[in-house]
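So you can see what is in the structure, the chains are spelled out below.
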Amino acid sequence: MVTSPPRAVLDRAAIVRAAMALLDEEGADGMTMRRLGASLGVQAMSLYRYVGGREDVLQAVEESLIEALPDALDRHRPRSWKDYVRQVAYAVRKIALDHPAIFPLVASVYPATPWLRSPLRSTAFVESFLSTLGDYGFDDQQRVGLYRSLTSFLLGHLLLEASVLQHQPKRPRRTREVTARSGLSPRVHRLQDQLGQDRGAADFEVALTALLDRFAVTYPPLDETVGLEDIG
């Protein structure tokens, strides 16, 4: 006998949680209102009392990921503005790697605040981010400049990492045998092991360090040793 899944307490938060679980498992293409309702033990039409539709659900899921960022940051005061930005960057990277099927939504879902940039589009978090940079002595131009630079870096790098992680084959394939029959050039064929190495963490650190160092040169003077405890 086929039994229906138990009906959950239905509200917007429960729908968002269920959508996140479904997206993690099936990806965006597999997240339909019908499937979402089934996962909650209700008909799809019952969901519309709490959400406006699929796009509303996708936007709510994306917002919920970024709104959780403050809880992921170190509770201790960073030693410098670079340490603070590094914390933010690695917290966003963790979200991307924990939810590789969901993270691409940050680039595809139309934001309620189009003047903010992916993946840091939560108005509450952006306010906190800009305010903290101000505590480190950043003026408005520096705050906006770093926000734009960081978001561009995070989006490009993490979309690639999430895509690679999402599409990794479940079973290892004999890559050399496959590529030997694919007509690749001799050089690409010879370097395939190096080209295919998973260097996501190392590349992320190198690129992030270069971004922060370049910003410090482009927008001087910034005292890298100033911490929140030094500002009075």
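Our structure is the block above this text.
Below you will find a few notes about this structure. (Residues numbered from 1 in each chain as written. Predicted model: local features only at pLDDT ≥ 70, side-chain atom pairs only at ≥ 80, totals over all residues. Heavy atoms only, no water.)

## Quick word on the overall build of the protein
Summing up its helical and strand segments, the protein has twelve helices and zero strands in all. Along the protein, from the amino end to the carboxyl end, the secondary structure elements read α-α-α-α-α-α-α-α-α-α-α-α. Buried residues in the protein amount to 40% of all 232 residues. Nonlocal contacts in the protein, meaning residues at least 24 apart in sequence, comprise 72% of its contacts between residues at least 6 apart. When the accessible surface of the protein is totalled, it reaches about 14000 Å², and 53% of it is carbon and sulfur. (Helix = DSSP H or I, 4+ residues; strand = E, 2+ residues; numbered from the N terminus. Buried < 20%, exposed > 50% of the residue type's maximum accessible area, 1.4 Å probe, protein only. Contact = heavy atoms within 4.5 Å. Areas by Shrake-Rupley, 256 points an atom, 1.4 Å probe, with all protein chains shown as cover.)

## A look at the packing of aromatic side chains
Across all of its chains, the model carries eight aromatic pairs by this definition. Geometrically, the ring pair formed by Phe-138 and Phe-215 is stacked, given 6.2 Å between the ring centres and 15° between the ring planes. Here the residue Phe-138 occupies a position in the loop between helix H7 (123–135) and helix H8 (140–166), and Phe-215 occupies one in helix H12 (residues 200–218), the gap between them amounting to 77 residues. Phe-215 shares its class with Phe-138; the two are buried. (Phe/Tyr/Trp six-rings, centres within 6.5 Å; stacked < 30°, edge-to-face > 60°.)

## Quick word on the nonpolar core
Ranked by internal contacts, the top residues of the largest apolar core, which has 58 residues, are Leu-36 and Leu-150. Elements with a contribution of two residues or more to this core: helix H1 (12–26), helix H2 (33–40), helix H3 (54–67), helix H5 (81–98), helix H6 (105–108), H7, H8 and H12. With nine residues, H5 is the single largest residue contributor to this core. Excluding anything up to four places from it in sequence, Leu-36 contacts Ile-15, Ala-18, Ala-19, Leu-22, Met-31, Leu-47 and Val-57. (Core = buried A, V, L, I, M, F, W, Y, C linked by side-chain atoms within 4.5 Å.)

## Concerning the environment of Arg-117
Relative to the helices and strands, Arg-117 is located in the loop between H6 and H7. Separated by 31 residues in the primary sequence, Arg-117 and Arg-148 place their C-alpha atoms 7.4 Å from one another. Leaving out residues up to four positions away in the same chain, Arg-117 has contacts with Tyr-147, Arg-148, Thr-151 and Ser-152. Side chain to side chain, Arg-117 and Thr-151 meet in a polar contact 3.0 Å long. (Polar contact = N/O pair within 3.5 Å; in protein donor to acceptor, adjacent residues only side chain to side chain.)

## A word on the side chain of Thr-151
Assignment of secondary structure puts Thr-151 in helix H8. One polar contact links the side chain of Thr-151 to the main-chain carbonyl oxygen of Arg-148, over a distance of 3.0 Å. With residues near it in sequence (within four places) discarded, Thr-151 still touches Arg-117, Ser-118, Pro-119 and Leu-120.

## Quick notes on H1
Note on helix geometry: an α-helix contains 3.6 residues per turn, so any two residues three or four positions apart are oriented the same way. Compared with an ideal rise of 1.5 Å per residue, which puts 15 residues at 21 Å, H1 spans 20 Å between its outermost C-alpha atoms and is within 8% of the ideal. Within H1, the full set of buried residues consists of Ala-14, Ile-15, Val-16, Ala-18, Ala-19, Met-20, Leu-22 and Leu-23. Check the buried side of H1 and you find it contacts H2, H3 and H6. Between the side-chain oxygen of the N-cap and the backbone nitrogen of Ala-13 there are 3.3 Å, and the N-cap of H1 in question is Asp-11. (Expected span 1.5 Å × (residues − 1).)

## What about the packing of H7 against H8?
As a packed pair, H7 and H8 sit with axes 10 Å apart at the nearest point and diverge in direction by 130°. The orientation of H7 with respect to H8, classified from their angle, is oblique. Crossing hand, H7 versus H8: right-handed. Contact with H7, carried on its side by Val-126, Phe-129, Leu-130, Ser-131, Leu-133 and Gly-134, involves Arg-143, Leu-146, Tyr-147 and Leu-150 of H8 and no other residues of that element. Along the lines of polarity and charge, the residues of the contact of H7 with H8 split into seven nonpolar, two polar and one charged. (Axes fitted to C-alpha atoms, helices over the stretch in contact; angles between N-to-C directions. Parallel < 35°, antiparallel > 145°, perpendicular 65-115°, else oblique. Left-handed = near helix turned anticlockwise from the far one by under 90°. Nonpolar A, V, L, I, M, F, W, Y, C, P; charged D, E, K, R; others polar.)

## Side note on the environment of Arg-12
Secondary-structure assignment places Arg-12 in helix H1. Exposure remark for Arg-12: the relative accessible area of 34% places this residue in the partly exposed category. Taking the C-alpha atoms as reference, Arg-12 lies 9.7 Å from Tyr-48; in sequence the two are 36 residues apart. A polar atom in the side chain of Arg-12 sits 3.0 Å from the side chain of Asp-56.

## Let's talk about unusual backbone geometry
Pro-119 follows Ser-118 through a cis peptide bond whose omega is 0°. Relative to the helices and strands, Pro-119 is located in the loop between H6 and H7.

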